[in-house]
Amino acid sequence: VPDRARDSNQERAGSLGTFGRYAGPATLILSSLADGPKHGYALTKDIEQFARIRLAPGTLYEALSRLEGQGLIEALASDDRRRPYQLTAAGAQALRVHLADQRQVAEVGLTRLARGWGRA
Amino acid sequence: VTAPPDADLRRVRRLLRWYPRSWRARYGDEFAELLRADLADRPRDRRRTADVISSGLLARCTAAGLTSHELPPAEQIRAGIVTVGCALAAFGALGVAMLAQLATGWQWASPDSTPAAAGTLAMAAAAGFLALIALVAAIPVAWRAVAAIRSREARQARLVWPAGLAVSCAAFLIVGARHFENWWPGTGGTGAEHGLVPGGLAAFGWASTLSASAYWAHPALWHTFPASELAWMTLSPVAWITLAASVAAIVRRVSLPAGLLRYLARVAAAATGSAGAFLAGAASWVLAHRPGQASLFRPGLVDAAELLVMAVALIIALRAAAALRRALAAVQ
C-alpha cells in the first residue's frame, strides 16, 4: 500500500466517526475484544451477555470487515474455519476515545435527569 | 461434534450467495461457521435472513466502490472504473433508444417546440462525445487484453472466457442490428432536418435498442410482431448485459499499469460530464412536453421511465467517480 494511502487509513483509524450506523456494533465488538481475541460466534455470545443485544450475523461481519479495513482489529491465524480477531493498538485507542466521549454524554444526561426529574 | 443437517448446509450456501465472490473468498468460511452456529441456536429467524440479504447487497455495493466503506485504493480504482463503465453502459443503451426515436421523428418533420429541438441537439452532441470517450477508453484496455491473451498471463488472469464472451456478444449485436435496421421507420423520410443523425447510424441505434419498448406492457400486441423480431427484442438485452459484464471482468482481471488506470479515471470523469449534458437534453424534451405537440415528438410513459432510470444510473456513476477521485488522491 502506498504511503499516502496508509497515512490516510491511519488518520481515520483514530475514530469510529466514519462507521455511520455501524458505530454501535463496532463499539460492542471492540469492547468485547478488549479482554482478548474471539471468533464470530464467541463475539455474538459475549455481546449478548454484557450488552443484552444479539448482533445478527450479517451486521456482525459488516462491522468486522470495516474494523479490519481501518486497522482497528486484525485476524489471527487459526487451524479451523472459525477465525479469531484481536484488538490492535489503534483499535484500543479508538475505543478509549469513543467510550470517554460516550461517558461524558452519559454523565451530562444523568446529571440533568437527576436535577430535573429526581433520582430513580 | 456432529455434522449439521444437509438442510442447514444448503441454507448457509444459499445465504452466502448474496455476498460478492471477493467477500466470500475472504470471509466465506468463517461466516458460514457463524451462520451454522446461529441456525442451531435459532432454526427459524426471518430477521436473520433479512439481515444477511441486506448485508450481502451492501457488500456488493462496497465491492463496486459505491459505499462510504472504501476498499484499498488500488481495488477502489478498478471498482470505480468498472462501476462508472457499467452505469454509463446502462445509461447509454437507454439514451440511444431515446435518441433513435427522436432521430426517426426528425427524418419526417422538424420538432414544433424549442425544448424538443434543443434537447435533441444536446443529446446528439453528448452522444457523439460519449461514443468518442468510450472508444478512447476501450482501445488501450483492449490492447492490454489482447497482449495478455497472447502471452501466458491470459490463463492466469482468467481472461479467455470474458474476452470470448465479449467478442461473441458484440458480433451478435452488430449482425442482429444490421439485419433489423432494414425495418427502420425513418427510411425514406424527407423532413427539413433530414439527417440530424446520419441515417445508417440512427437505424443501427434504433435496431440495437429495440428491446427498450413500451410494447412489453401490451402483451395483446405481441402477436403483431414477427417471431424473429420478438426473439431479437428478448435476446439483445441479454447480449448487452453479458457484453458489459464481460468487459467489466476483463478490466478487473487484466494487468493495467498505474498510468493507464489514472487515464481511465480521467476518461470516466469526462464521461459522467457528457452523460449529464445528455440527461439535461433528454429532460428538456420529456419534461417540457405540452399537449397538442406533434405525435412524432410526443414523449410517452416509457420515455419518462427511461429518463428516471438514466438519472439513477448517472447518480451511481457520479458516486463511483467521486470514490475513484478519492482513491487516486490517496495513491498520488
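It should be noted that the structure appears before, not after, this text.
Residues numbered from 1 in each chain as written. Chains lettered and ligands numbered in written order. Predicted model: local features only at pLDDT ≥ 70, side-chain atom pairs only at ≥ 80, totals over all residues. Heavy atoms only, no water.

### Examining the overall build of chain B
In plain terms, the rule: Each helix is a run of DSSP H or I of at least 4 residues and each strand a run of E of at least 2, with the numbering of both proceeding from the N terminus. Exposed residues in this analysis have more than 50% of their type's maximum accessible area, buried residues have under 20%, and partly exposed residues fall in between, with area computed by a 1.4 Å probe over protein chains only. In this description, accessible areas are obtained by the Shrake-Rupley approach with a 1.4 Å probe, and a residue is regarded as covered only by the protein chains that are shown. By the counting scheme adopted, Arg and Lys are positive, Glu and Asp are negative, and His together with the chain ends is not counted. Charge positions come from single atoms, namely NZ of Lys, CZ of Arg, CG of Asp or CD of Glu.
Tallying secondary structure elements over chain B gives 11 helices and zero strands in all. For chain B, the N- to C-terminal ordering of α and β elements is α-α-α-α-α-α-α-α-α-α-α. C-alpha extents for chain B along the principal axes are approximately 80 × 50 × 35 Å. Expressed as a percentage of the 332 residues in chain B, the buried residues total 45%. Summed over all atoms, the accessible surface of chain B reaches about 17,000 Å², with 67% contributed by carbon and sulfur. A distance of 6 Å separates the average location of the 31 positive side-chain charges in chain B from that of its 18 negative side-chain charges.

### A look at the overall build of chain A
Spelled out, the test is: The contact rule is simple, with two residues in contact once any of their heavy atoms fall within 4.5 Å.
The secondary structure content of chain A amounts to five helices and two strands. Secondary structure elements of chain A, listed N to C terminal, follow the sequence α-α-α-α-β-β-α. Looking at chain A alone, contacts between residues at least 24 apart form 52% of all its contacts between residues at least 6 apart. Of the roughly 7,000 Å² that chain A leaves accessible, carbon and sulfur atoms contribute 51%.

### Thoughts on unusual backbone geometry
Residue and element names in this part refer to chain A. If you check the backbone angles, Arg 52 has positive phi at about 55 degrees while not being a glycine. Among the secondary structure elements, Arg 52 is positioned in the loop between α3 (40-51) and α4 (57-69). The exposed category is assigned to Arg 52, whose relative accessible area is 77%.

### Here's the deal with the interface of chain A and chain B
Here is the rule: Accessible surface is computed with a 1.4 Å probe, and the buried area is the amount of it that two parts give up when combined, taken over both parts together. In what follows, salt bridge is the name for a side-chain nitrogen of Lys or Arg lying within 4 Å of a carboxyl oxygen of Asp or Glu. Under the rule applied, a polar contact is a pair of N or O atoms within 3.5 Å (in protein, one hydrogen donor and one hydrogen acceptor; residues adjacent in sequence only if both atoms are side-chain atoms).
Taken residue by residue, the interface counts 25 residues in chain A and 28 residues in chain B. Carbon and sulfur atoms make up 52% of the area that chain A and chain B hide from each other, which totals about 2,400 Å². Summed over the three residues of chain A that lose the most area to chain B, namely Pro 57, Tyr 61 and Arg 81 of chain A, the buried surface amounts to 28% of that side. Across the contact surface, chain A and chain B share seven salt bridges. With its nearest N and O atoms 3.2 Å apart, the salt bridge here joins Arg 54 of chain A to Asp 41 of chain B. Summed over the shared surface of chain A and chain B, the result is 14 residue pairs in polar contact (both at pLDDT 80 or more).

### Some words on the pattern of salt bridges
Two side chains that carry opposite charge are able to pair once their charged atoms sit near each other. Within the structure shown, the criterion is met by 19 salt bridges over all chains. Across the pair Asp 80 of chain A and Arg 82 of chain A runs a salt bridge, and its minimum N-O distance is 3.6 Å. Among the salt bridges present, the one from Arg 36 of chain B reaches Glu 33 of chain B, with a minimum N-O distance of 3.4 Å. On the criterion of helical spacing, the pair formed by Arg 36 of chain B and Glu 33 of chain B is a turn pair, its members being three residues apart in helix α2 (residues 21-41). Connected through shared salt-bridge partners, Lys 45, Glu 48 and Arg 54 of chain A together with Asp 38, Asp 41, Arg 42, Asp 45 and Arg 48 of chain B make up one network.

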